[in-house]
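Close look at the chain arrangement
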Protein chains: 2
Amino acid sequence: MLQFFDFMDEDRVLSTPEELLSYSSDASRHRSLPNLVLMPYSKEEVSRIVKIANRERIPLVPRGAGTSLSGGSVPVDGGIVLDLTLMDSIIKVDLENQLVTLEPGVVYGRLNRELEKYGVFFPPDPGSGSVCTIGGMVATNSSGLRAVKYGTTRDYVKKLEVVLADGEIIRCGTKAVKSSSGYDLPGIFVGSEGTLGIFTEITLRVIKKPTNYATSMVGFSDGFKAGKAVREIMYSGLQPAVLEIMDKNTLQAVEKYTGLNFPDVEVLLIVELDGFDEKVTLYLREAIEICQKYNANIVEEAISNADRESIWKARKSALPALARYKPTLILEDVTVPISFLPSLFKELEVLGKKHGVEIATFGHAGDGNLHPTFLVDRNKREEVERAEKAIGELFHKVIKMGGTLSGEHGIGLEKKRYISIEHNSISLMKQIKKSLDPNGILNPGKIF
Amino acid sequence: MLQFFDFMDEDRVLSTPEELLSYSSDASRHRSLPNLVLMPYSKEEVSRIVKIANRERIPLVPRGAGTSLSGGSVPVDGGIVLDLTLMDSIIKVDLENQLVTLEPGVVYGRLNRELEKYGVFFPPDPGSGSVCTIGGMVATNSSGLRAVKYGTTRDYVKKLEVVLADGEIIRCGTKAVKSSSGYDLPGIFVGSEGTLGIFTEITLRVIKKPTNYATSMVGFSDGFKAGKAVREIMYSGLQPAVLEIMDKNTLQAVEKYTGLNFPDVEVLLIVELDGFDEKVTLYLREAIEICQKYNANIVEEAISNADRESIWKARKSALPALARYKPTLILEDVTVPISFLPSLFKELEVLGKKHGVEIATFGHAGDGNLHPTFLVDRNKREEVERAEKAIGELFHKVIKMGGTLSGEHGIGLEKKRYISIEHNSISLMKQIKKSLDPNGILNPGKIF
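Residues numbered from 1 in each chain as written. Chains lettered and ligands numbered in written order. Predicted model: local features only at pLDDT ≥ 70, side-chain atom pairs only at ≥ 80, totals over all residues. Heavy atoms only, no water.

1. Looking at the sheet that holds strand β3 (residues 60–63) of chain B
All names here are of chain B.
- Here we have four strands laid out as an open sheet, ordered β1-β2-β4-β3, and mixed in their pairing. Taken across any chain shown, the strands that pair with only one partner, and hence form the sheet edges, are β1 (13–14) and β3.
- As defined by bridge partners, β3 adjoins strand β4 (residues 80–83) across four bridges and the pair is classed as parallel. Paired with V61 across the two strands is V81, which belongs to β4.
- Lying on the sheet, helix α2 (residues 43–56) is in contact with β2 (36–38), β3 and β4; it crosses β3 at an angle near 155°. (Pairing = 2+ DSSP bridges. Helix = DSSP H or I, 4+ residues; strand = E, 2+ residues; numbered from the N terminus. Contact = heavy atoms within 4.5 Å. Axes fitted to C-alpha atoms, helices over the stretch in contact; angles between N-to-C directions.)

What follows is the structure, given as structure tokens:
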């Protein structure tokens, strides 16, 4: 298929086995080779590529930094990987309207460093933030620790320029704060995982960056009570900026990895309040008082930025610590309505015992998004199978609780066989897909 | 077509000329008779009706309280008006997860009275709130004074049960706080003005109702400076709950109507802060200080609930006061990015003079959503034509500023001939419409 793309500079067309190999995977366990990698640098080029792919029925897999945890950027059946990282201009910071317009390949970390100069920020904060691209974040509606207060990527996407499956370039959305004019097209593109169009320009809302933070680590000897404290904090109107949770198994790994110590702690919460003056410390006190009603002990309280760093060290080391603990991690991403948080913890305990599999759980307690991490060795087939059985049962339980299969990672390849247990509207999704991409060239085989 | 619906109780089938007449209009100037009005009381009945309408190719116009300002609930070519007001159960208040599930015919005012018992509320607050239905609010993504802090209906719709054009009943969305699982179907239904499906059950997020309010009226002798003050307040991080504006023409009408007095005031702002303790009065002070930098005078400051009522009297009398002033009001709903607010005021002055038409402007300054109101007499054809010319020019200017044709009222019939100046993605919207409603039975002739 190389011959179709002779209008591209040679160094932006990759086709050697070595080159293709590095585009055969993302941060998930899925692996599959593309036939070709193209690195466009303009919307016109993207449009031209898409037109050809559509005419020739070649699968097109859009890709940012390849940090997807669900296989979203892995080809299923060959075709072209469209690497969008060369389209990485920050086109305009419109401070008066608190908007930034950029190309999809801009790296999240770079964007927020740039925005910091203006005193604003783009709040969603994925774990892969130092490398992941904004295009990828929009495609998966990703979020992170701060979603509990600030919401997800969806809440910040104001406008999109999209190359549709036939190569047409459309713009949708508005710079106005609100609109009731026509269908909300950005809404359908956000979270569509590359299956409905290729983003070539993105306008995000940004907001004023807080100047004050107050952070505390609080330990509970009873996980169920920790769940209750989370519920009460969320209902108090305090609006924590971060409300993270780590269970005993995670803490043990963190202790080994970092030398930190959490004696008598079954479950650890990290609470952070942010704002524009010192009142944040008062609000943190109120949050801590709620925890103390449930017999919590203060493990550490940050009054300086240095203290705050040390608290975050504990949370941020969770995943690398677990990775040392066992050769393979299966990181899940379920989300339940807050009231089911204590039940979800109970359920994970039951499933771990029933299937003889170690599960370490951490995540964003404040919005009900947990990352139960199944610790296995991928070379032990039987162990992996037991974990997968447990995960399947977990999904059914989560859906029964009114939850969702993915809080922030997307469905991709990883969970597509489960999606119909969550949605009875898959045929409608497929109808929309069929209507926008009749030849099925855009990231085929993903979501459903 | 009466014979198809003999399964409905007689008193829920309206077909006399008198009955049909009362369904021939809404709060817009559009008028057209349906052939039949059906008042279903269950989703199964809605589904059955839709199946028949689809088979027989009968247009179906869903309707709540008929408060649409854009003709959204007026039939275009006869057919059936589906009056959903009998489906008015509040099914479940889930306080722990801050959710309420209800049928589409529930009246907004009733919902918030019910929610108040639990200390929570559904923030969007349309002017027609005492009579309009939640189904209609979801269909038009309506909002109101509080959108500046709390957003629009879209931001609160968590789940929808929808009867599709073929009669299938689907559910979409999730009770979880966030999700990256499949396409965001609620997003495409919210604001679709009845053209993609009939809502039969709606789950909304609700939030804790503030306990403290601080409100002030501030007068400016220079409209341009008022616009600058609005921009600075919005950028300060203060998050006003309400930031309303009224121009000289509106104030004059209000003075005559209410006996209130606004000497030397060209433009009036109403600022309200809300929260959960007395700090709101401190924040109000900060907002007032910003206004004073732009030479504002405090007209009134509310320290009691009674004072607050008197301030709101001024704002809420704007529309009835204008209605006394001139026989016909053409109420517009444009929204611009905040930075263009001063230019928009200038533009309205220019257009008024150019076309010799009186324009009184009030609205939600904080989110850039103004309601320029064209004061005419509908019996004077030439006067109406001048106003319409001015409105057409206004729309073009607003779009040039990066704004939108409608901030909260919807497109309906009123603005469909202008929609392509805002969007270059109409063909995509039509494609989605075609895919979901191939026979075009759902509220035909609306939006585009």
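2. Some thoughts on the interface of chain B and chain A
- Counting residues at the interface gives 81 residues for chain B and 81 residues for chain A.
- Interface of chain B and chain A: buried area, both sides summed, is about 6000 Å²; carbon and sulfur atoms make up 53% of it.
- Of all residues in chain B, K178, Y183 and Y235 of chain B give up the largest surface area on contact with chain A, accounting jointly for 17% of the area buried on that side.
- Two residues, D367 of chain A and K178 of chain B, come together in a salt bridge whose shortest N-O distance is 3.2 Å.
- Here chain B is connected to chain A by 41 residue pairs in polar contact (both at pLDDT 80 or more).
- Among the secondary structure elements, those contributing two or more residues to the side of chain B that touches chain A are β9 (169–173), α6 (185–189), α7 (223–235), α9 (279–293), α14 (419–422) and α15 (426–436) of chain B. (Buried area = accessible area lost by both parts, 1.4 Å probe. Salt bridge = Lys/Arg side-chain N within 4 Å of Asp/Glu carboxyl O. Polar contact = N/O pair within 3.5 Å; in protein donor to acceptor, adjacent residues only side chain to side chain.)

3. Structural notes on the relation of the copies chain B and chain A
- Structural alignment of chain B on chain A gives an RMSD of 0.0 Å, achieved by rotating through 180° and translating 0.0 Å along the axis. Here the symmetry operator amounts to a two-fold rotation axis. The position closest to the rotation axis in chain B is occupied by the C-alpha of G187 of chain B, lying 2.7 Å away.
- Counting the interface residues of chain B, we find that 100% of their copies in chain A are interface residues as well, pointing to one common contact surface. (Least-squares fit on C-alpha atoms with pLDDT ≥ 70 in both.)

4. Quick look at the nonpolar core
- With 202 residues, the main nonpolar core has F122, I134 and F189 of chain A together with F122, I134 and F189 of chain B as its most contacted residues.
- Look past the residues within four positions of F189 of chain A in its chain and what remains in contact with it is V138, L160, V162, L164, I170, C172, L196, G197, F199 and L436 of chain A together with L428 of chain B. (Core = buried A, V, L, I, M, F, W, Y, C linked by side-chain atoms within 4.5 Å. Buried < 20%, exposed > 50% of the residue type's maximum accessible area, 1.4 Å probe, protein only.)

5. Notes on the packing of aromatic side chains
- Per the counting criterion, the structure on display carries 16 aromatic pairs over all chains.
- With 5.5 Å between their ring centres and 85° between their planes, F448 of chain A and Y183 of chain B make a pair best called edge-to-face. One end of the pair, F448 of chain A, is in the segment after α15 (426–436); the other, Y183 of chain B, is in the loop between β9 and α6, on a second chain.
- Pairing F121 of chain B with Y150 of chain B gives two aromatic rings, centres 5.5 Å apart and planes at 85°, and the pair type is edge-to-face. Here the residue F121 of chain B occupies a position in strand β7 (residues 120–121), and Y150 of chain B occupies one in helix α5 (residues 147–150), the gap between them amounting to 29 residues.
- Residue classification places F121 of chain B among the buried positions, given a relative accessible area of 3%.
- An aromatic cluster is defined as three or more aromatic residues linked by ring pairs; in this entry it consists of F4, F5 and F7 of chain A.
- Positioned above the aromatic ring of F7 of chain A, the side-chain terminus of R48 of chain A is 3.9 Å from the ring centre. (Phe/Tyr/Trp six-rings, centres within 6.5 Å; stacked < 30°, edge-to-face > 60°. Lys NZ or Arg CZ within 6 Å of the ring centre and 35° of its normal.)

6. Section: the domain arrangement of chain A
Residues and elements named next belong to chain A.
- Considered domain by domain, chain A is made up of domain 1 (2–83), domain 2 (90–208), domain 3 (212–319) and domain 4 (326–421).
- The C-alpha centroid of domain 4 is placed 23 Å from the C-alpha centroid of domain 3.
- With 16 residues of domain 3 in contact, the opposing surface of domain 4 contributes 17 residues.
- For the domain 3 and domain 4 pair, buried surface summed over both sides reaches about 1500 Å², with 68% attributable to carbon and sulfur atoms.
- By the criterion of area lost to domain 4, the three top residues of domain 3 are R231, I245 and L319, representing 35% of everything that side buries.
- Viewed at the interface, domain 4 and domain 3 are joined by zero salt bridges.
- Where domain 3 touches domain 4, the interface holds eight residue pairs in polar contact (both at pLDDT 80 or more).
- In terms of residues, the side of domain 3 that touches domain 4 owes the most to one element, helix α7 (residues 223–235), which gives six residues.
- Of the residues contributing to the side of domain 3 that touches domain 4, the split by class is eight nonpolar, three polar and five charged. (Domains from an automatic or database assignment. Nonpolar A, V, L, I, M, F, W, Y, C, P; charged D, E, K, R; others polar.)

7. Considerations on the sheet that holds strand β4 (residues 80–83) of chain A
All names here are of chain A.
- Strand order in this open sheet of four strands is β1-β2-β4-β3, and the pairing throughout is mixed. Bordering the open sheet on either side are β1 (13–14) and β3 (60–63), each of which pairs with just one other strand.
- Its contacts with the sheet place helix α2 (residues 43–56) against β2 (36–38), β3 and β4, and it is angled at close to 155° to β3.

8. Comments concerning the environment of P372 of chain B
Residue and element names in this part refer to chain B.
- The residue P372 is located in strand β18 (residues 369–376) in this model.
- For P372, a relative accessible area of 0% translates into the label buried.
- Expressed as a C-alpha distance, the spacing of P372 and M39, which sit 333 residues apart in the sequence, is 36 Å.
- Sequence-distant contacts of P372, that is, excluding residues within four places in its chain, are made with I330, L331, E332, D333, V334, L348, I359, A360, T361 and L394.

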